[in-house]
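Given next are the chains, with one letter for each unit.
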Amino acid sequence: MAEVLLPRKMEIANGPSKFGSAHLLHVLAVDDSHVDRKFIERLLRVSSCKVTVVDSATRALQYLGLDVEKKSVGLEDLKVNLIMTDYSMPGMTGYELLKKIKESSAFRDIPVVVMSSENILPRIDRCLEEGAEDFLLKPVKLSDVTRLRDSLMKVADLSFTKKRELETEHAYSLDSSPRSQLKRAKI
Amino acid sequence: MNTVVAQLQRQFQDYIVSLYQQGFLDNQFTELRNLQDEGTPDFVSEVVSLFFDDCAKLINNMSRSLEQPENVDFKQVDSGVHQLKGSSSSVGARRVKNVCISFKECCDVHNREGCLRCLQQVDYEYKMLKTKLEDLFKLEQRILQAGGTIPQVDIK
């Protein structure tokens, strides 16, 4: 007989919270399938990522501002840390999107992960050769997403560590206040 | 102890297990359920709803492509099957996905008759699954309304 469990809040944490919301990984997900968009969005939210989902490679380029004809507004908050794209899409494929991103001086450093329901080795090789960070078989697993997130966060962590060190020094200099004593007790 | 809730939970558990045992659902459906939480109680029903909408649309398009014996657009049919296979795989709709495998084979060899049979079968399967899941979600609602919680069912 199955155990009856209480529903729990899904939250695969980033480990001890070093990061405020400003430092959440922002992922741009690209997929023409409505079902898959909803699914990947949920996987990413559960993994504590900020998510933007678009339904085509063209829209992805517009969002990034690579499409000269239609620039999106609010580029300041745009900073995308990872692009996850489906391979087979009508119009521009995920592979073509990958190429365009890697050809762009502004965006070539953004890791791009390609997703596909088909396990075709030449396809996988082609994507990796073109600079894809990883190639995931669909349906994508939560463990794939958390693994990606963790490895990207490590890279981001190095640059944040210095900033945090400075912040921590300042916080501990207020040692005598009862509030900070309470904080330490909680940990 | 609230026995009404316990009975409903048992009913739910038996029903969902039977859906897996009869091959309607596979492990991917479990993954979907695991992604749902108290903050997103409609996640699974929303995803499957999108899936069923997809099915209806794709089947309709493929039906039109297969209509004229002299003029079948197998490329379009193949595209439709590919999309259907993808989304059925994403939600754990096992039977639908399996029909798509046969469907693709018929399409590859330009077998119109075979395609028509598969089309009919995929239509049947998605509608059957839709009914089953509607019943499952109704059971969930009854549990919640009775003040209970929906069981996490471990499918071995």
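Along every chain, residues carry numbers that run from 1 in the direction the sequence is written. All chains are assigned letters beginning with A, and all ligands numbers beginning with 1, in the order in which they are written. With pLDDT at 70 or above as the cut-off, local features in this predicted model cover only qualifying residues; side-chain atom pairs require 80 or more to be listed or tallied, and sums for whole chains, interfaces and linings still use all residues. Hydrogens and waters are ignored; side-chain quantities use all the structure's heavy atoms.

Visitor: Got a minute to help me understand the overall build of chain B in this structure?
Guide: Helix numbers and strand numbers start at the N terminus; a helix is a DSSP run of H or I with at least 4 residues, a strand a run of E with at least 2. Helix and strand counts for chain B stand at 6 helices and 0 strands. Ordering the α and β elements of chain B from the N terminus gives α-α-α-α-α-α. Each principal axis of the C-alpha atoms in chain B carries an extent, and together these give about 65 × 25 × 20 Å. The long-range share in chain B, meaning contacts at least 24 apart out of those at least 6 apart in sequence, stands at 67%. Accessible area of chain B: about 8000 Å², with a carbon and sulfur share of 45%. Neither His nor the chain ends contribute to the count of charged residues, in which Lys and Arg are positive and Asp and Glu negative. A charge is said to be at NZ when it belongs to Lys, at CZ for Arg, at CG for Asp and at CD for Glu. Separation between the mean location of the 18 positive side-chain charges and that of the 22 negative ones in chain B comes to 4 Å. Contact between two residues is taken to exist if any of their heavy atoms lie within 4.5 Å; hydrogens are not considered. The Shrake-Rupley method, run with a 1.4 Å probe sphere, supplies the accessible areas, and residue values consider only the shown protein chains as cover.

Visitor: Hey, could you run me through the UniProt feature "modified residue: Phosphohistidine" (unreviewed entry) in chain B in this one?
Guide: UniProt positions are given in the numbering used here, feature names are shortened, and annotations may be inferred rather than shown by experiment. Mapped onto this numbering, the UniProt entry gives "modified residue: Phosphohistidine" (unreviewed entry) at His82 of chain B. Look at histidine 82 of chain B and you get partly exposed, because its relative accessible area is 29%. Dropping the residues within four chain positions of it, histidine 82 of chain B is found in contact with Ser88, Ser117 and Glu118 of chain A. Exposure categories follow from relative accessible area, calculated using a 1.4 Å probe and restricted to protein chains: below 20% of the type maximum is buried, above 50% is exposed, and the middle band is partly exposed.

Visitor: Hey, could you run me through the packing of aromatic side chains in this one?
Guide: Centre distance and the angle of the planes are the two values used to describe a pair of aromatic rings. Stacked, edge-to-face and tilted labels apply to pairs of Phe, Tyr and Trp rings (six-membered ring for Trp) whose centres lie within 6.5 Å, assigned for plane angles under 30 degrees, over 60, and everything in between, in that order. On inspection of all chains with the given rule, the structure shows 3 aromatic pairs over all chains. Where phenylalanine 51 of chain B meets phenylalanine 52 of chain B, the ring centres are 5.3 Å apart and the plane angle is 50 degrees; that geometry is what we call tilted. No difference in accessibility class separates phenylalanine 51 of chain B from phenylalanine 52 of chain B, as the two residues are buried. An aromatic cluster is defined as three or more aromatic residues linked by ring pairs; in this entry it consists of Phe51, Phe52 and Tyr126 of chain B. Note on criteria: charge over ring means Lys NZ or Arg CZ within 6 Å of the ring centre, with the direction from the centre no more than 35 degrees off the ring normal. One residue, arginine 42 of chain A, lies across the ring of phenylalanine 43 of chain B, its end atom 5.9 Å from the ring centre. Taking NZ or CZ as reference, arginine 95 of chain B lies 3.9 Å from the ring centre of phenylalanine 24 of chain B, over its face.

Visitor: Help me understand the pairing of strand E5 (residues 134-137) of chain A in this model?
Guide: Two strands pair under a simple rule: DSSP has to find at least two bridges between them. Here strand E4 (residues 112-116) of chain A runs beside E5 of chain A; their pairing, made up of 4 bridges, is parallel. Residue pairing across strands places serine 116 of chain A opposite leucine 137 of chain A, the latter belonging to E5 of chain A.

Visitor: Looking at this structure, how should I read the environment of arginine 95 of chain B?
Guide: Residues and elements named next belong to chain B. Turning to its location among the elements, arginine 95 is positioned in helix H5 (residues 94-108). Between the C-alpha atoms of arginine 95 and tyrosine 126, which are 31 residues apart in sequence, the distance is 8.3 Å. In this structure, arginine 95 is in contact with Gln22, Gly23, Phe24 and Glu125, ignoring residues within four places of it in sequence.

Visitor: Sorry if this is basic, but what is going on with the interface of chain B and chain A here?
Guide: How large an interface is tends to be reported as the accessible area lost when its parts come together. Across the boundary between the two partners, chain B contributes 28 residues, which contact 23 residues of chain A. Here chain B and chain A share an interface that buries about 2400 Å² over both sides, 60% of which is from carbon and sulfur atoms. We define buried area as the total accessible area lost by two parts upon association, computed with a 1.4 Å probe and summed across both. Among the residues of chain B in contact with chain A, Leu35, Leu50 and Gln152 of chain B are the three that bury the most area, contributing 25% of the side total. Whenever Lys or Arg places a side-chain nitrogen within 4 Å of a carboxyl oxygen from Asp or Glu, that contact is recorded as a salt bridge. The salt bridge involving arginine 42 of chain A is made with aspartate 37 of chain B; its shortest N-O contact spans 3.4 Å.

Visitor: In this structure, what is going on with helix H1 (residues 34-46) of chain A? I would like to understand it.
Guide: The α-helix advances 3.6 residues per turn, and as a result positions three or four apart in sequence lie on the same side. Residues and elements named next belong to chain A. Between its terminal C-alpha atoms H1 stretches 18 Å, which fits the 18 Å expected from 13 residues at 1.5 Å a residue. Taken together, the buried positions of H1 are Val35, Asp36, Arg37, Phe39, Ile40, Arg42, Leu43, Leu44 and Val46. Looking at the residues trailing H1, positive phi occurs at serine 48, about 60 degrees. Multiplying 1.5 Å by the residue count of a helix minus one yields the expected span of that helix.

Visitor: Explain the environment of threonine 30 of chain B here, please?
Guide: All names here are of chain B. Here threonine 30 is to be found in helix H2 (residues 27-35). Considering only alpha carbons, one finds threonine 30 and valine 153, 123 residues apart in sequence, at a separation of 8.5 Å. Beyond its immediate chain neighbours, meaning those up to four positions away, threonine 30 contacts Tyr20 and Ile155.

Visitor: In this structure, what is going on with the environment of valine 91 of chain B? I would like to understand it.
Guide: Assignment of secondary structure puts valine 91 of chain B in helix H4 (residues 74-91). For valine 91 of chain B, a relative accessible area of 3% gives the class buried.

Visitor: How should the UniProt feature "modified residue: 4-aspartylphosphate" (unreviewed entry) in chain A be read in this particular structure?
Guide: Residue and element names in this part refer to chain A. Summarizing the sequence annotation, UniProt attributes the feature "modified residue: 4-aspartylphosphate" (unreviewed entry) to Asp86 in the numbering used throughout. Within the secondary structure, aspartate 86 is located in strand E3 (residues 82-86). Ignoring anything within four residues of it in the chain, the contact list for aspartate 86 reads Val30, Asp31, Asp32, Gly94, Met115, Ser116 and Lys138.

Visitor: Looking at this structure, I do not really get unusual backbone geometry. What am I missing?
Guide: Peptide bonds are trans in most cases, and residues, glycine excluded, mostly fall at negative phi. For the peptide bond that leads from lysine 138 of chain A to proline 139 of chain A, omega is -5 degrees, which places it in the cis range. Along the polypeptide, proline 139 of chain A turns up in the loop between E5 and helix H5 (142-172). The phi angle at serine 48 of chain A is positive, at roughly 60 degrees, despite the residue not being glycine. Summarising the element assignment, serine 48 of chain A is placed in the loop between H1 and strand E2 (50-54). The backbone of histidine 110 of chain B sits at a positive phi, close to 55 degrees, despite the residue not being glycine.

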